[in-house]
Amino acid sequence: MKGFQLKLRTVLNELSCRDFFIHRPAQLDWDVVVSLERGVSESEGVIRLSSLESYERLGGYSRTGLLLVFCGQDVPEQYRHPEEHAVMVSSALSFESFAGGFEELVKRSGILAVRREKLFNAFLDSYDVQQFATRAAEVIGNPLIVSNSDHRLLASAGDIPEDRADVRESIDQGYVSEHANAHLEEDGVLEVVRAARHSIITENERTGLRSVTSIVYHHHLEMGRFDVFEVDKRIDGLDLELIDYASSLVGLLIDRLGAAGDRVGFGSSVLLDLLSDGFVNEETMRAQLRLAEIPLDETYVLMGLVGQK
């Protein structure tokens with residue numbers, strides 16, 4: 001079967017690893033193709049499986065690909081700082097069972113590639129963020145919301161569950177609520193996502209519902225958030241890759257449409273909604289002014305000059 005790319009972190013997360021050791025943390029973001037062949041790979045970006053015994057027999061081979069080395073219940077101390085082309089893992093499974101999971105990733109990566117292509121086609125066919133969000137929710141299989149850096153809701157798609165009143169409130173008011181945003185900040189979720197530069201799964205303590213928080217970037221600039229809620233389909237590591245890809249496409253759309261505001265993070269969309277009377281109520285307006293760090297005790301005067309000079 002033809003190989004398709006996965007992030008190395010996805011490969012490790014989707015396998016029943018008790019522990020793993022890599023040469024350097026940045027490798028987790030490498031795109032790799034899972035190969036059914038065993039032993040040394042001389043193809044860059046290809047990862048193959050090996051037992052520790054086979055790895056020890058290989059000695060100091062020069063490699064360009066990656067070797068995922070199964071070490072049994074524990075990784076021996078001498079292999080916990082591996083060379084660049086080796087990833088050392090431990091598992092409670094037997095080698096045969098672990099290998100079965102590794103081989104299953106080949107098939108699953110092919111399914112992921114098909115879903116990624118559907119997302120890209122949706123992006124090409126979309127004229128605005130809402131249109132893309134509607135198509136993206138169908139591909140991802142769960143409801144989602146898209147907001148910009150001023151917390152303004154740009155799109156929502158799918159059926160939000162009744163017990164997620166915070167999300168329904170955000171949709172009704174057109175802004176991510178101050179309470180919902182504060183919850184993510186206090187729990188350190190946004191800090192972790194920013195540090196990791198990829199989406200993570202979180203669980204609502206009150207409802208037990210899981211969701212995915214992803215920050216939208218474009219040219220390393222934070223443009224907003226892409227949040228997916230686990231309702232219709234169980235979210236796994238491959239879904240996280242799909243959500244990250246959708247988030248990057250949303251970043252392109254937001255930039256192209258100017259939906260992030262003239263100055264990202266400076267409250268331009270909040271001011272725009274103030275001028276156009278776009279807020280549902282005064283409480284929402286004040287909450288978003290606070291989130292955008294706009295003082296409530298100042299008067300803003302805007303003048304528009306029209307006609308001849």
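For the structure itself, consult the block above.
Now for a quick tour of the structure. (Residues numbered from 1 in each chain as written. Predicted model: local features only at pLDDT ≥ 70, side-chain atom pairs only at ≥ 80, totals over all residues. Heavy atoms only, no water.)

Residue placement: Asn142 occurs in the loop between α4 (129-140) and β7 (144-148). With a relative accessible area of 2%, Asn142 lands in the buried category. Looking at Asn142, its side chain comes within polar contact range of the main-chain nitrogen of Val231, at 2.8 Å. Here the side chain of Asn142 touches Lys233 through a polar contact of 2.8 Å, landing on its backbone oxygen. Setting aside residues up to four positions removed in sequence, Asn142 forms contacts with Ala137, Val228, Phe229, Glu230, Val231, Asp232, Lys233 and Ile235. (Helix = DSSP H or I, 4+ residues; strand = E, 2+ residues; numbered from the N terminus. Buried < 20%, exposed > 50% of the residue type's maximum accessible area, 1.4 Å probe, protein only. Polar contact = N/O pair within 3.5 Å; in protein donor to acceptor, adjacent residues only side chain to side chain. Contact = heavy atoms within 4.5 Å.)

Attention now moves to the nonpolar core. In this structure, Leu68, Leu119, Phe132, Ile140, Leu144, Val146 and Phe226 are the most contacted members of the largest nonpolar core, which totals 53 residues. With twelve residues, the next largest nonpolar core counts Val40, Tyr55, Leu67 and Val69 among its residues. (Core = buried A, V, L, I, M, F, W, Y, C linked by side-chain atoms within 4.5 Å.)

Another point: the pairing of strand β5 (residues 66-70). Of all five residues in β5, five are buried, a share of seventy percent or more. Taking every second residue as pointing to the same face, both faces of β5 are buried, with Leu66, Leu68 and Phe70 on one and Leu67 and Val69 on the other. Here five bridges tie strand β4 (residues 46-51) to β5, and the two strands are oriented parallel to one another. Counterpart to Leu49 in the pairing with β5 is Leu68. As paired elements, β5 and strand β6 (residues 86-90) share four bridges and run parallel to each other. Opposite Leu67, over in β6, you have Ala86 as the bridge partner. (Pairing = 2+ DSSP bridges.)

For the rest of this paragraph, the subject is the pairing of strand β9 (residues 200-203). Consecutive side chains along a regular strand alternate between the two faces of the sheet. Burial along β9 is one-sided: Ile200 and Thr202 are buried, while Ile201 and Glu203, pointing the other way, are not. In this sheet, strand β10 (residues 210-218) lies alongside β9 in antiparallel orientation, the contact comprising four bridges. Counterpart to Ile200 in the pairing with β10 is Thr213.

The next thing to look at is the sheet that holds strand β11 (residues 221-229). Taken in spatial order, the five strands of this open sheet run β8-β7-β11-β10-β9, and their pairing is antiparallel. Strand pairing shows two members of the sheet lacking a second neighbour, β8 (153-157) and β9, which therefore form its edges. Neighbour to neighbour, the strand axes of the sheet diverge by 20° on average, direction disregarded. Across the sheet, helix α8 (residues 237-257) lies against β7, β8, β9, β10 and β11, angled at about 40° from β10, the strand it touches most. (Axes fitted to C-alpha atoms, helices over the stretch in contact; angles between N-to-C directions.)

What follows covers the packing of α4 against α8. Orientation of α4 relative to α8, taken along the N-to-C sense of each, is 175°, at an axis distance of 11 Å. Viewed along their axes, α4 and α8 adopt a mutual orientation that is roughly antiparallel. Side by side, α4 and α8 meet where Val129, Phe132, Val139 and Ile140 of the first sit next to Asp239, Leu242, Ile243, Ala246, Leu249, Val250, Leu253, Ile254 and Leu257 of the second. Residue composition of the contact of α4 with α8, by class: twelve nonpolar, no polar and one charged. (Parallel < 35°, antiparallel > 145°, perpendicular 65-115°, else oblique. Nonpolar A, V, L, I, M, F, W, Y, C, P; charged D, E, K, R; others polar.)

The subject of this paragraph is helix α6 (residues 178-186). Of all the positions in α6, only Ala180, Asn181 and Leu184 are classed as buried. Looking straight down α6, one finds its buried side chains confined to an arc of 95°; they lie on one side. In this structure, α6 carries His179 and Glu186 as exposed residues pointing more than 90 degrees from its buried face. Once α6 ends, the next one or two residues include Gly188, with phi positive near 75°. (Arc of directions from axis to C-beta.)

As a further point, take the sheet that holds strand β3 (residues 31-38). Reading across the sheet, the six strands line up as β1-β3-β4-β5-β6-β2 and stay open at both edges, with mixed pairing between neighbours. Looking at which strands have only one partner, the edges of the open sheet turn out to be β1 (5-7) and β2 (19-21). The average angle at which neighbouring strand axes cross in this sheet is 35°, direction not considered. Bridge count for β2 against β6 is three bridges, and the pairing is antiparallel. By the bridge assignment for β6, Phe21 is matched with Met88. Sitting on the sheet, helix α3 (residues 95-125) is in contact with β1, β3, β4, β5 and β6, with an inclination near 130° to β3.

Before going further, it helps to spend a moment on the packing of α3 against α4. Following both chains from N to C, one finds α3 and α4 inclined at 165°, their axes separated by 9 Å at the closest point. One way to sum up the angle between α3 and α4 is to call them roughly antiparallel. Between α3 and α4 lies a crossing whose hand is right-handed. Only Gln131, Phe132, Arg135, Ala136, Val139 and Ile140 of α4 make contact with α3, whose side of the interface consists of Arg115, Lys118, Leu119, Asn121, Ala122, Phe123 and Asp125. Residues of the contact of α3 with α4, tallied by class, amount to seven nonpolar, two polar and four charged. (Left-handed = near helix turned anticlockwise from the far one by under 90°.)

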